[in-house]
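One letter stands for each residue in the lines below.
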Amino acid sequence: MLAGKRILLIVTGGIAAYKTPELVRRLRDQGAQVRCILTKGGAQFVTPLALGAVTGDKVYQDLFDLTDEQEMGHIQLSRDADALLVAPATADVLAKMAAGLADDLATTALLATDKPVLAAPAMNVRMWHHAATQANLATLQGRGVTMIGPDNGDMACGEYGPGRMTDPLDIVQAVANFFSDATLLAGRRAIVTSGPTHEAIDPVRYIANRSSGKQGHAIAEALARLGAEVTLVTGPVALADPAGVTMRPVASARDMLAACRDALPADIVVCAAAVADWRPAEAAPEKMKKGGDGPPALCLTENPDILATLAQAGPRRPALVVGFAAETETVVDHARAKLARKGCDWILANDVSPETGTFGGDANTVHLITATGVESWPRMSKAQVAGRLAERITTHLTNGGGAGGADEAAE
Ligand code: C5P
C-alpha cells in the first residue's frame, strides 16, 4: 500500500511517542521508507537508538549539528520525503506550526516543506478542547494539514476523552488512504471561483461584498488533494494560497470570467465566488472629488454571469458545473429555481442569514441540489463541506456522470 513512499516521521514530546517504534515498523511493513526527526521532548519518551534500530537509518535531532547538516540538511530532509507525518503531534508543535515558528529541526523542516503534512495529535483532553488548540487545528486544516485522530479513550494522565494518539495501525491506514486518495481525480482539470469581486467606482473606491473566500479556497484545496489539476480564480481575499493549486487572482467580475475562460478546458467547475451582480457603468478615470454638486449618482450596469456562461452547452462545457446559492429564506426552493435558471448541474445552497454566521465564519450548513433531489448536510466546517463535495464530485465522475442524483434525504 505504501510501497516506495518516503515518510519523514517527526516524533514530538508526548507520552504516545513510546508507540512510534511500532508505528515505524508498521509503515515499513507496508513498504514505506521511514526517516525520523526526534525532538528534545520526544527523546524523553523514546530513544534515538530505538528509532534508529527500527528505521535502519540515522535519527535526526539537532538543527545546529554540523554533521547532520552536512549529511542531510533540514531542507533536504523534507525535500527527500513524499510526506511528513507528525506523530505524536503535541499541542505545542501544533501551535508552533500554526504560528510558523522554526526553533528546532522539526519545526524548521515543517516550515520549509512544500510536501503534504499529516499529523496525529496526542494530548490531554483539556488541552485538546482548549480554544487555542482548536483554533490552531482549524488554521492548519485550512492550510491543508491532514489530521489523523485523536481517538477517545483513557489517557496516561488518568482522564478520559479525545486526545489519545490514534493506534499505529490506524495511522498507517490513514497514511495509505491519503496516498490513494491523491490519485482519485488525477488527470481531471478543475476551475474554482472564490471570494468577492471588486468593481471600480474610481481608482480608489470600489463596490464589494462580505465574502471571505474560505469556502471556495477550501474546495480548491480539497479537489487538489484528490489529484485534480486546479485553477483557483479568486477575488481579493485575506487567505493563504491553498496547497497545490494554480492561483489566478483577479479583481472584477469581468476579469474573473476572462480568467475562467483562459483556464478552459476543464472537467469540473465550481463557482463559489460572490460575484457582484452590478458594476458602475463607467469607472471614473481619476479619484472623484467631494464638490459643490453633492454626492454623485452611481449608474450601474449588469455583470456577466460566470456560472451561467460556463454552464452553457457547447463543446467546451465542463462535464460538471456546480454553483452556490446564498439565500436568507426558503433556501431550497430558491436554489432549485437557480439550478434551472443558470443551467448548472448542481447547486450547493447555504443559508447566509446574519444569525447563521456563515459569511466570514468557519462553518456552513448546505443542501446539495441536483436535477433529481436534495441532500441536506449537517452543519460542518467549510473544510468538511469542501471534502464532502470533492467526494461527491469524484463519485459522480468515476460513475461516468450517471450517478449525480442526490436522494431526497436529510441527515
Ligand atoms: O445569481 P446568484 O448570485 O444568486 O448566483 C450564485 C451563483 O452564481 C454562485 O455560484 C456564484 O458564484 C455564481 N455567479 C457567477 N457570476 C455572477 C453571479 C453569480 O458566477 N455574475
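Let us look at the structure shown here.

What counts as what
- Residues numbered from 1 in each chain as written.
- Predicted model: local features only at pLDDT ≥ 70, side-chain atom pairs only at ≥ 80, totals over all residues.
- Heavy atoms only, no water.
- Salt bridge = Lys/Arg side-chain N within 4 Å of Asp/Glu carboxyl O.
- Helix = DSSP H or I, 4+ residues; strand = E, 2+ residues; numbered from the N terminus.
- Buried < 20%, exposed > 50% of the residue type's maximum accessible area, 1.4 Å probe, protein only.
- Core = buried A, V, L, I, M, F, W, Y, C linked by side-chain atoms within 4.5 Å.
- Contact = heavy atoms within 4.5 Å.
- Disulfide = S-S within 2.5 Å.
- Near = heavy atom within 4 Å.
- Polar contact = N/O pair within 3.5 Å; in protein donor to acceptor, adjacent residues only side chain to side chain.
- Areas by Shrake-Rupley, 256 points an atom, 1.4 Å probe, with all protein chains shown as cover.
- Pairing = 2+ DSSP bridges.

Examining the pattern of salt bridges
Per the counting criterion, the structure on display carries 18 salt bridges. Among the salt bridges present, the one from E22 reaches R26, with a minimum N-O distance of 3.0 Å. With a gap of four residues between them, E22 and R26 both fall in helix α1 (residues 20-29), about one helical turn apart. The class of E22 is partly exposed, set by a relative accessible area of 35%. For E375, the salt bridge goes to R392, with nearest N and O atoms at 2.6 Å. Of this pair, E375 sits in strand β21 (residues 374-376) while R392 is found in helix α14 (residues 382-398), placing the two residues 17 residues apart along the sequence.

Here we look at the nonpolar core
Counting 32 residues, the largest nonpolar core has L223, V230, V270 and I393 as the members making the most contacts within it. For this core, the secondary structure elements donating two or more residues are β9 (189-194), α10 (214-225), β12 (229-234), β14 (268-271), β17 (320-327), β18 (346-351), β20 (366-369) and α14. Not counting chain neighbours up to four residues away, the residues in contact with L223 comprise L185, A190, V192, A228, V230, V270, A390 and I393. Among the nonpolar cores identified, the runner-up in size contains 31 residues, and A16, L118, A122 and V175 belong to it.

Overview of the state of the cysteines
For the coordinates displayed, the defined rule picks out zero disulfides. Cysteine C260 remains unbridged, with the sulfur of C271 as its closest cysteine sulfur at 6.0 Å. For C260, a relative accessible area of 0% corresponds to the buried category.

Re the site of the ligand
Around the ligand, the neighbouring residues are C271, A273, V275, D277, P304, D305, I306, L307, G323, F324, K338 and K342. In the model, a nitrogen atom of the ligand is placed 3.0 Å from a nitrogen or oxygen of the I306 main chain. F324 is positioned such that a nitrogen or oxygen atom in its backbone is 2.7 Å from an oxygen atom of the ligand. Relative to its unbound accessible surface of 450 Å², the ligand loses 85% to contact with the protein.

With respect to the pairing of strand β5 (residues 117-121)
Burial runs high along β5: five of the five residues are buried. Of the two faces of β5, the one holding V117, A119 and P121 and the one holding L118 and A120 are both buried throughout. Sheet analysis places β5 next to strand β6 (residues 146-147), joined by two bridges and oriented parallel. Within the sheet, the bridge partner assigned to L118 lies in β6 and is T146.

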